[in-house]
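# Residue-level structure breakdown
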Amino acid sequence: HFFFVGRVELFERVREDDPLVFCKGAYMMVTQSLRELAAKGTIGPAKLLEARRLVYIGMARLACTNAANEDFAAIGLTLQQMQDQIDAGNMLQRARLAIRFFDQIAAAAHNEVIAVVAQSLTTLLQLSVNEYHKSDKVGTLYRPELDPLRWEMLAALKGRDKTAVENAVSHYLDYVSQAKLMAPLSV
């Protein structure tokens, strides 16, 4: 093994693998670590919701500053595609697009570190959607009340209004929590 100590001057993501962390004497993937903690009951929906809140608000605030018009157009297209999938009755694809929505906000933040952290949460969401799909219950994840909140987030991003985007993300996650939905599963 080789260990390098230094200062990061440039960070580029070249692989799609989950990031490594050192935990309990071993290197693990961040997502694997989170998944194992969730499976053991060490972290529950409330803690995952809290993490989603902090990460999503942080990335949305960064996107208010750093996003380009192309980022807004891509997010808007995803929202329209989500509606199209609802109309077509393809709830699995709609759920995947809902996950993409937050990925696109992370990308619009143009911050590689926040993108890696957000990707770990995304992977957990994707695993949950896949489990619901296997049980033929993916449609139960859909909450129409969340659709206007996503459009509200996009409007706040376009307006570069950090307070409004923070409020929209908070309202979104508050609904997820109040509806007694499993926090990491709600898309």
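Just so you know, these numbers come straight off a predicted model, no measurement behind them. (Residues numbered from 1 in each chain as written. Predicted model: local features only at pLDDT ≥ 70, side-chain atom pairs only at ≥ 80, totals over all residues. Heavy atoms only, no water.)

Time to look at the side chain of S170. Residue position: S170 is located in helix α7 (residues 162–178). Contacts of S170, omitting those with residues within four sequence positions, involve R53 and I57. (Helix = DSSP H or I, 4+ residues; strand = E, 2+ residues; numbered from the N terminus. Contact = heavy atoms within 4.5 Å.)

A separate point is the environment of L48. Relative to the elements of secondary structure, L48 occurs in helix α2 (residues 45–66). A relative accessible area of 9% places L48 in the buried class. (Buried < 20%, exposed > 50% of the residue type's maximum accessible area, 1.4 Å probe, protein only.)

Two numbers describe how helix α3 (residues 69–88) lies on helix α4 (residues 91–108): the axes approach to 9 Å, and their chain directions differ by 170 degrees. Relative to α4, the element α3 lies roughly antiparallel. Here α3 contributes D71, A74, I75, T78, L79, Q81, M82, Q85 and I86 to the contact with α4, which in turn contributes M91, Q93, R94, L97, A98, R100, F101, Q104, I105 and A108. Class assignment of the residues belonging to the contact of α3 with α4 gives a composition of eleven nonpolar, five polar and three charged. (Axes fitted to C-alpha atoms, helices over the stretch in contact; angles between N-to-C directions. Parallel < 35°, antiparallel > 145°, perpendicular 65-115°, else oblique. Nonpolar A, V, L, I, M, F, W, Y, C, P; charged D, E, K, R; others polar.)

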